[in-house]
Every structure is written in C-alpha cells, then in structure tokens.
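Listed here are the chains, written in short residue letters.
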Amino acid sequence: MKVSDLVALDVRFPTSVTQAGSDAVHTDPDYSAAYAIVRTDAGDGVEGHGLTFTIGRGTEVCVAAIEALKPFVVGRDVDDIVGDWRAFSLSLTNDSQLRWIGPEKGAIHLAGAAVINALWDLHAKREKKPLWKVLADMSPRQLVDVVDFRYITDALSPDEALDLLESRAPTRAEREAELLRDGYPAYVTSVGWIGYDDATIERLCGEAMADGWSAMKMKVGQGIDDDVRRARLLRALLGPENRLMMDANQKWDVDEAIASIGRLAPFDPYWMEEPTSPDDVLGHKAIAHAVAPVRLATGEHAHNRVMFKQFFQAGAIGFCQLDACRLAGVNEVLAVLLMAAKFGVPVCPHAGGVGLCEYVQHISAFDHIAVSGSLDDRMVEYAGHLHEHFVDPVEVRGGRYVLPAAPGYSVQMQPASLAEFSFPHGTYWAS
Ligand SMILES: [Mg+2]
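Because the structure is predicted, anything quoted here is derived from the model rather than measured.

The next thing to look at is the pairing of strand β4 (residues 184–188). In terms of burial, β4 is a largely internal element, five of the five residues being buried. Alternating positions in β4 separate into two faces, Y184, A186 and V188 on one and P185 and Y187 on the other, with burial throughout. For β4 and strand β12 (residues 400–401), the ladder comprises two bridges, and the chain directions are antiparallel. Residue Y184 lies in a different strand from β12, and its bridge partner there is Y401.

Right, let's get into the nonpolar core. Grouped together as the largest cluster of nonpolar side chains are 144 residues, with contacts concentrated most on W120, L322 and M413. Top contributing element to this core by residue count: helix α4 (residues 106–127), with 12 residues. Two domains each put at least three residues into this core: domain 1 (3–128 + 417–430) and domain 2 (169–413). Apart from the residues lying within four places of it in its own chain, the contact partners of M413 are V11, F13, A33, Y35, L51, V354, H389, F390, V391 and L418. Listed in part, the nine residues of the second largest apolar core include Y187, Y270, W271 and M379.

Strand pairs in the sheet, formed through backbone hydrogen bonds, run parallel or antiparallel to each other. What the three strands build is an open sheet, ordered β1-β2-β3; its pairing is antiparallel. Of all the strands in the sheet, the pair left with one neighbour each is β1 (3–12) and β3 (48–54). Taking the axes of each pair of neighbouring strands and ignoring which way they run, one obtains an average angle of 15° across the sheet. Both strand β2 (residues 32–40) and β3 contribute to a ladder of seven bridges, which runs antiparallel. Across the sheet, the residue bridging to S32 is T54, located in β3.

Once the domains are mapped, the protein shows domain 1 (3–128 + 417–430) and domain 2 (169–413). Using C-alpha coordinates to define each centre, domain 1 is positioned 23 Å away from domain 2. Tallying the contact residues gives 41 residues for domain 1 and 42 residues for domain 2. It is A24, L51 and N117 in domain 1 that bury the most area against domain 2; as a group they hold 16% of the surface buried on that side.

Before going further, it helps to spend a moment on the coordination of the magnesium ion. For a metal with four tetrahedral donors the ideal donor-metal-donor angle is 109.5 degrees, while six octahedral donors give ideal angles of 90 or 180 degrees. Surrounding the magnesium ion are the protein donor atoms D247 (OD), E273 (OE) and E300 (OE), at 2.0 to 2.2 Å. All donors of the magnesium ion come from a single chain, and their spacing in sequence reads D-x25-E-x26-E. Note that D247 is positioned in strand β6 (residues 243–247) and E273 in strand β7 (residues 269–273), a separation of 26 residues in sequence. Here E273 falls in the buried class, since its relative accessible area comes to 0%.

With that settled, consider the environment of Q361. Structurally, Q361 can be placed in helix α15 (residues 356–371). For Q361, a relative accessible area of 5% gives the class buried. Sequence separation between Q361 and P404 is 43 residues, and the spatial gap between their C-alpha atoms is 7.8 Å. Ignoring any residue separated from it by four or fewer positions in sequence, one finds Q361 in contact with V394, Y401, V402, P404 and S410.

Let's shift gears to the packing of aromatic side chains. One pass over the structure, following the stated rule, counts 16 aromatic pairs. Centre to centre, the rings of F421 and Y428 are 5.5 Å apart; their planes meet at 35°, and the pair counts as tilted. Look at F421 and you get buried, because its relative accessible area is 9%. For Y428, a relative accessible area of 32% corresponds to the partly exposed category. An aromatic cluster is built from F13, F421, F423, Y428 and W429, whose rings are joined through pairwise contacts. A cation over a ring is seen here: R12 above F423, with NZ or CZ 3.7 Å from the ring centre.

All right, on to the environment of H301 then. When you line up the elements, H301 lands in the loop between β8 (296–298) and α13 (305–314). Considered as a pair, H301 and N249 are 52 residues apart in the sequence and their alpha carbons are 9.6 Å apart. Among residues more than four places away in sequence, those in contact with H301 are H26, Q250, E274, P278 and R326. Here Q250 takes part through its side chain, which lies 3.0 Å from a polar atom of the side chain of H301.

With that settled, the discussion passes to the state of the cysteines. Under the criterion given, the structure shown has zero disulfides. Considering cysteine sulfurs only, C357 is the nearest to C205, which forms no disulfide, with 18 Å between them. For C205, a relative accessible area of 1% translates into the label buried. Left without a disulfide partner, C320 is nearest to the cysteine sulfur of C348, which lies 8.5 Å away. A relative accessible area of 0% places C320 in the buried class.

Parameters at a glance
- Residues numbered from 1 in each chain as written.
- Predicted model: local features only at pLDDT ≥ 70, side-chain atom pairs only at ≥ 80, totals over all residues.
- Heavy atoms only, no water.
- Buried < 20%, exposed > 50% of the residue type's maximum accessible area, 1.4 Å probe, protein only.
- Helix = DSSP H or I, 4+ residues; strand = E, 2+ residues; numbered from the N terminus.
- Pairing = 2+ DSSP bridges.
- Core = buried A, V, L, I, M, F, W, Y, C linked by side-chain atoms within 4.5 Å.
- Domains from an automatic or database assignment.
- Contact = heavy atoms within 4.5 Å.
- Axes fitted to C-alpha atoms, helices over the stretch in contact; angles between N-to-C directions.
- Buried area = accessible area lost by both parts, 1.4 Å probe.
- Donors = N, O, S within 2.8 Å, 3.2 Å for Na, K, Ca; no water.
- Phe/Tyr/Trp six-rings, centres within 6.5 Å; stacked < 30°, edge-to-face > 60°.
- Lys NZ or Arg CZ within 6 Å of the ring centre and 35° of its normal.
- Polar contact = N/O pair within 3.5 Å; in protein donor to acceptor, adjacent residues only side chain to side chain.
- Disulfide = S-S within 2.5 Å.

Encoded structure:
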C-alpha cells in the first residue's frame, strides 16, 4: 500500500467574534488549523488526518509548508513508514535543503507535525485501535526505536529510555484499566479568557463547578491591578480547596514576571504559565528561583525536544506543557515524555485551541500507562470550544476525559465543517 496523495487545507473558525481563546498577547484569535489528509491506493477509503493548530493569519504559510513536504510522503510505502517511524520523521525534519527554514522550528516543523500525526492516525485506523492503545501495545524497544535521540543523549540515552519503559511495562495493564474506569483528570481553561468580563467569568465558573470541575485556569497579563482583581474574584468563587492556574502567555519581562507573580501569589496559583518568552530558559530559571514555591509551567510554544531538554536540565519548570502538533508529531512527543519522566516533571499537555484536546487525551493516557506511571500533579487541559466539528470529539465527564475508543488520533473533522470553514472559499468566509 502506497501513499497516493497528501492534501493540505486551510481551516479557520471565527472565534475572535466572541473573544473565546483571547489572552494577554493573542487578543483576537481565530482558532484555525493547517490540515493534512493522507490518502492511499488501498481502495478502502481509510485516510489519515492530522492538523497543526494556528490562530488565523499565517495558516496559509503552514499549508504551503505541508505542500513542500509532499514529495517526501506521496509514493512512500505505508508499511515502510510504519516499520521505521524514526527514519520517516527524519526524512521530513532533516531534509538537507528544507531544514534551513527550521531547523526543527517554525512553520516547517508545524507542517511536519500535521503530516506525521496524519500518518499515525492512518496507522491507528488500520490497526482498528485508538492511538493511545496503539502506543500502549508497543514494546519498550519498539517505542525507543520511534524516537530521534539526536541532541538529547546528554540528558537521556536510548538505554535509559529503554530501562524506564521496561520498569513500567509489567504494570501497564493496571493503569490502563484504571483510566478506562475513571478517565484522565482534567482542568478547564474556557472560563477565564482575558476578553471575558467579570459577570461572564462568574457565570462560567459557576457552571463549570456544577459540572464537576475542580481546577480552572485564568488568563493574566493585561495589567497587574486587573489581574489581581480577577484572581481575587476567581479564588473567592473556587474556595481554597479547588485549583486555580494562571497563564500570562509570554507577556512579561523577567523582572516584571517576578514582581507580578509576587502580587498574584496570595491567590495560590497552582502554576504560573508562560511568564515570559518561551525561548528564555535561563529567564524561567531565574523566575522559578525567585517565586518558589509557586511553580512555573511552559511548553505550548517550545518548538522541539532540545528546548524541553534545557528547561528540564536547568530545573526551570515545574510542569511540562508539550503541544502535540508544535513538536513534530507523536515521535518527538515521545522524546519529551521520556525526558520529563526521567527528570520527574509532570506533563500537563497544552490543549486550548482546536483539535488539541482531541490529540492530547491520547498522549496523556499513554504517558500514564507506559511512561510516567503516575497521575500526581497531572491534568489535561480542556477548552469547551469547537468540538462539534470533529467526527470523534472528546468526551469529558465530571472533570475527567473519557478515554477515546474509536480507531485513530481523533482529529478528523466533519466534511461539512471543512467545507464551511475552509479559508477563504468556504461558505462561512465567502459570505
Ligand atoms: Mg497557555
């Protein structure tokens, strides 16, 4: 079976109209995706679907980058790809000419994520399993063979990764049964977007608590007095026992972050997310040192495994918020999960956006079953928007993700949604 086509689509949802998704830096996001469809010559109609998340303008650049990867995918034998995932990933991320516009960062890396995830989706559908189960059924050796260890062997060697996975293997079945029974813990972000007024926050927070949520996130960084007022409001609504996370979305310089977190610390943030530039490893380290015991979280803009290696080595973050489609797909996610487990940093994946909840439920389930073996300090982000566009949308119950059962990686969108929100010619945008 060969790959017969790779189609790239620009899909945009007009979330800026309601301020859903707004934060201190991204004030008018239209949640969007550069969307990849992999077709084969098998004649069975099974397709692989993957996406990389964007927020409006620029999606067309990622679509062009996916098209630039076409020659590396179309015509390839699917069994060859699945038989050597590492080589396939390298063929996309390390091409001798294309790598100049990365390497392993920016639009070309986002495109690689969409394509690699589409191939994993195809593989899982052919196996008739949800992706988390495909991964959970792979042997430690098979999992290690997926990972590109270039540039991270000083932090984690393949042998160490193998030892770690083998140490968890005998008890995988217990944790799989636990997750199938109880679901995976989650927190909700969509109560506290920065464009929401106090009355909206109060209403959404009340509704979320009634639905069983006990952990919520608020956006900060709009102005410290405003932040403090909103933090006081949310803490009063939540009471002392529930978790309140805060997210500055890269707004502050290092000294400003230290001062601002000092003002917000009395409201007991469970973590402070993206306090400063996502590339500033030593800045995070300085902030973390100054604001302890408040712990820092980052990762949604950490563009590859080397960034995470440095955050871990520096002891700069208390939570790892990897993104399933900013890292180059499942392969690179595995590298970061393994490093996080070695360094003892809990992974709470980034999942605001469109399709990200659908993706990361698989990642966190697999992480618990086969890598970290723990739910302590671990939660998957949940935002309530746009799930109706997916064929197999996430299901949350009582503040926990229900493990997906349908084959694949869950990001396939409804054909009608693709037709309506394709940019610029879909029916929504054309009118
Ligand atoms: Mg965030």
